[in-house]
Amino acid sequence: MQQNPKSGIVLNIQHFCTNDGPGIRTNVFLKGCSLRCKWCSNPESIHPKPELAYDLNKCIGEKECGLCLKECPESALFVLEPDAKVRVNWDLCTNCAKCVPVCPPNALYLFGKEMSVEEVLEEVGRDETFYRESGGGITLSGGECLLQADFSAALLEAAHIRGFNTAIETAGNVPWRFMEKVLPHVDTMLHDHKQIDPAKHKKWVGVDNKRILENFKKAYENFPNTTFIARTPLIPGVNDDEEHVRAVLAFIRPHGNVVDYQLLPYHRFGESKYGFLGQVYEMEDFRSPTPESVAYLQAIIDESFSRTGGKG
Amino acid sequence: MNPATRHIGINIGGGYVPGLNYVVRGVVLAASELGWDVIGIKDGFDGLLFPERYPSGGLLHLTNDLVESLSSGAGAILGTNPRTDPFRVQAVNAENEIEELDKSDQLLEEVKAQGIDAVISIVSSQALNTLFRLHRKGLKVVCIPKSVENDVAATQLSFGFNSALSFTVDMLENARLAAHSTRKIVVVEVPGQHTGWLALQSAMTACADAVLVPEIPYDLRAVAAKLKKRAESGHPYGLVVVAEGANSAAVPDAGPDNPLKKSLAPMATNQQGRFIIDRTGLAAHSVSLELQRLTGQETYALVLGQLVKGGSTTALDRHLGLGYGAAAVRALKEDRPGVMVAFQPPETKFVPLAEAINKVRTLPLNGLFTEIARSLGVSLGN
């Protein structure tokens, strides 16, 4: 992958986050992911380049405007009769973004933009006071932030110079050289154990986890002063069984710098029943785990970390 | 005849509809009359792109003998691939990263290498986009529309719609009988994200009390009033048909402000894109609950979904399939690739792909079928 250490493709910068590392944090989401989790709720973070987005509510319609229709070289924009507003034919759209600057109400816009280390730091730095008070800092997330290893390393190095605590969230499916490049600038590495069994990992995530586990083991051993926190997005039927939790514990517990194993109960959005489909008729319907099953698994983790009373 | 076109490929892109073998048969018989060979490509373009996945080969030589012995039922000899898009093929690269690759060039080369001069594709509206792109890259292609929603705008009738309609009517009539016997109101959801053809035509045929379609935002108070009136006259049961894309006038479709949709990439909110929010069942359940609240009567929801494709192929679809197959061969004979075969009674026409894409065939609000429904006393929920 061709990398530019000076700038990266940033999807979003989220302020005042409290779940992704110590204290109050600013999460910087980088675009691009090397996995395809079937339950992914942020598909806009998958593609490494900026992507077209469209807000139908903002479109003022063909009669008033229609400027975008003339710009699209792919015949990917059209008007649907009932409301005379524009629709995007996503199968034809190539994300060339020629329609974006001509759209007066910004109904057409881009997910993701190129930002320099300085630009990101400037925005992140606005929260500096909160970091001081809370021991917080910057967390790089994604997508997979380690895919933009040069940019991530440069950004976190610069954050360290400013005195910010640094954390990353990674699924670990990158060449070791990427992880090795970024980790010297990381205080806390939050890392996913989505499924410890290679065959099941391949089924749900798209590739097996051989390299991921190798990377994590090397990271634990080569970076003894870094704090590691293992995590599992808890998805019923995929990884919410005791056997899985115990297998992850067996993998991480020999390493003293892995200080916690957190379960992140998967949340469905509102009441909507939905599934992300690789194929139209292969529907996956992921449900949220029950509080009882989360508590049961959490107790196993607390016992392993010799904590009593649990965390909630 | 264009002597250059002698080996035709045929494949199926998009979802399954019943009776696809009839289209294949139509193509093979018509081609054979011209002395042409027909080569079936399995599972969309997978048979060409991933021959290693097929122990007996990704291609199938289709002879008259073979197609005459094909099942007259709902099966499809070639298989379909709902996600056939050679422009976005998911693959694991040398770095163990999953990525989407553009394999369209490879596909075109493979088509050439196999000696295939042109491809006839039986496609849904989404796959039509893919074929349009391939045509722009130089592939000679003729498309045949298929859809159980009848949502392809350039044709009056997509292949498979009539069979799905016929089977849906049967199921609605059964549901109605059950509702009658149990003294309940049944709300049945049928496919139709953007268009209400299947819902409306099946509902009027099955004498439903009301039908809710995407084109007409509904007000359930009107439907409830009608059902209440029926109950008061000694008929405390009813059948309400709702298309999965129907929306309440009071709470319009959540749109991008909905937190679910807001959090997703635009492609995720596209019903036919790579990622799909599956809304099957939502409409039936919300309508059923609301009607129960408004009428005080017991209601229950029934979701037909893909079941509507489970029936046998009607005579009309068999005619249409054979006719579409023959017409597609005729388009190639007349050297008119880059078109979709369209049934525009009384004729079969060839519509350029550029004119066939980006259009949805929606119900005209004051068209023939809505008028008939109103005359029969079927409430349209407005």
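Treat the numbers as computed from the prediction; the structure is a model and nothing was measured.

Peer 1: Any details on the environment of Val 329 of chain B? Residues and values, ideally.
Peer 2: All names here are of chain B. Mapped onto the elements, Val 329 comes out in helix α12 (residues 315–333). The buried category is assigned to Val 329, around which 28 C-beta atoms lie within 10 Å. Distance in space between the C-alpha atoms of Val 329 and Leu 34 is 9.1 Å, their sequence separation being 295 residues. If sequence neighbours within four positions are ignored, Val 329 has contacts with Val 27, Ala 30, Ala 31 and Leu 34.

Peer 1: Describe in detail the nonpolar core, supporting the description with residues and values.
Peer 2: In terms of nonpolar packing, the biggest core is built from 112 residues, with Val 27, Val 188, Val 211, Val 240, Val 241 and Val 242 of chain B touching the most fellow members. At eight residues, the largest contribution of residues to this core is made by helix α1 (residues 20–33) of chain B. Formed jointly, this core draws a minimum of three residues from each of two domains, domain 1 (7–159 + 313–345) and domain 2 (164–310 + 364–375) of chain B. Apart from residues lying up to four places away in sequence, Val 211 of chain B is in contact with Ala 199, Leu 200, Ala 203, Val 241, Ala 373, Val 378 and Leu 380 of chain B. Within the second largest apolar cluster, 76 residues are counted, among which are Phe 29, Leu 147, Ile 212 and Val 238 of chain A.

Peer 1: Can you tell me about the packing of helix α8 (residues 220–232) of chain B against helix α11 (residues 282–295) of chain B, naming the residues and giving the values?
Peer 2: Residue and element names in this part refer to chain B. Two elements in contact, α8 and α11, have axes separated by 9 Å at closest approach and are oriented at 55°. Viewed along their axes, α8 and α11 adopt a mutual orientation that is oblique. The hand of the α8/α11 crossing is right-handed. From α8, Leu 220, Arg 221, Val 223, Ala 224, Leu 227 and Lys 228 reach across to α11, where they touch Val 287, Glu 290, Leu 291, Leu 294 and Thr 295. Looking at the contact of α8 with α11, its residues break down into seven nonpolar, one polar and three charged.

Peer 1: Outline the domain arrangement of chain B, listing residues and values.
Peer 2: The parts lose accessible area when they come together, and the size of an interface is often stated as this lost area. Taken domain by domain, chain B holds domain 1 (7–159 + 313–345) and domain 2 (164–310 + 364–375). Facing ten residues of domain 1 of chain B, the contacting portion of domain 2 of chain B comprises twelve residues.

Peer 1: Please provide a residue-by-residue account of the sheet that holds strand β3 (residues 59–62) of chain B, values included.
Peer 2: All names here are of chain B. Here we have seven strands laid out as an open sheet, ordered β3-β2-β1-β6-β7-β12-β13, and mixed in their pairing. Where the open sheet ends on each side, the last strands, each with one partner, are β3 and β13 (347–352). Here the average twist between neighbouring strands, direction ignored, is 30°. Strand direction decides the pairing type here: strand β2 (residues 37–41) and β3, joined by four bridges, are antiparallel. Looking across to β3, one finds that Ile 39 is bridged to His 61. Where α1 meets the sheet, it contacts β1 (7–13), β2, β3, β6 (118–123) and β7 (141–145), and its direction lies at approximately 170° from that of β1.

Peer 1: Tell me about the sheet that holds strand β10 (residues 238–243) of chain B, and please be specific about residues and values.
Peer 2: All names here are of chain B. Judged by pairing direction, the sheet is parallel, and its four strands sit side by side in the order β9-β10-β8-β11 without closing on themselves. Strands with a single pairing partner mark the edges of an open sheet, and in this sheet they are β9 (210–212) and β11 (299–303). The mean inter-strand angle of the sheet, taken between neighbouring strand axes irrespective of direction, is 20°. Contacting β8 (185–190), β9 and β10, helix α7 (residues 197–205) runs over the sheet at an angle of about 160° to β10.

Cut-offs applied
Residues numbered from 1 in each chain as written. Chains lettered and ligands numbered in written order. Predicted model: local features only at pLDDT ≥ 70, side-chain atom pairs only at ≥ 80, totals over all residues. Helix = DSSP H or I, 4+ residues; strand = E, 2+ residues; numbered from the N terminus. Buried ≥ 20, exposed ≤ 12 C-beta atoms within 10 Å, placed from the backbone. Contact = placed C-beta atoms within 7 Å. Core = buried A, V, L, I, M, F, W, Y, C linked by C-beta atoms within 7 Å. Domains from an automatic or database assignment. Axes fitted to C-alpha atoms, helices over the stretch in contact; angles between N-to-C directions. Parallel < 35°, antiparallel > 145°, perpendicular 65-115°, else oblique. Left-handed = near helix turned anticlockwise from the far one by under 90°. Nonpolar A, V, L, I, M, F, W, Y, C, P; charged D, E, K, R; others polar. Pairing = 2+ DSSP bridges.

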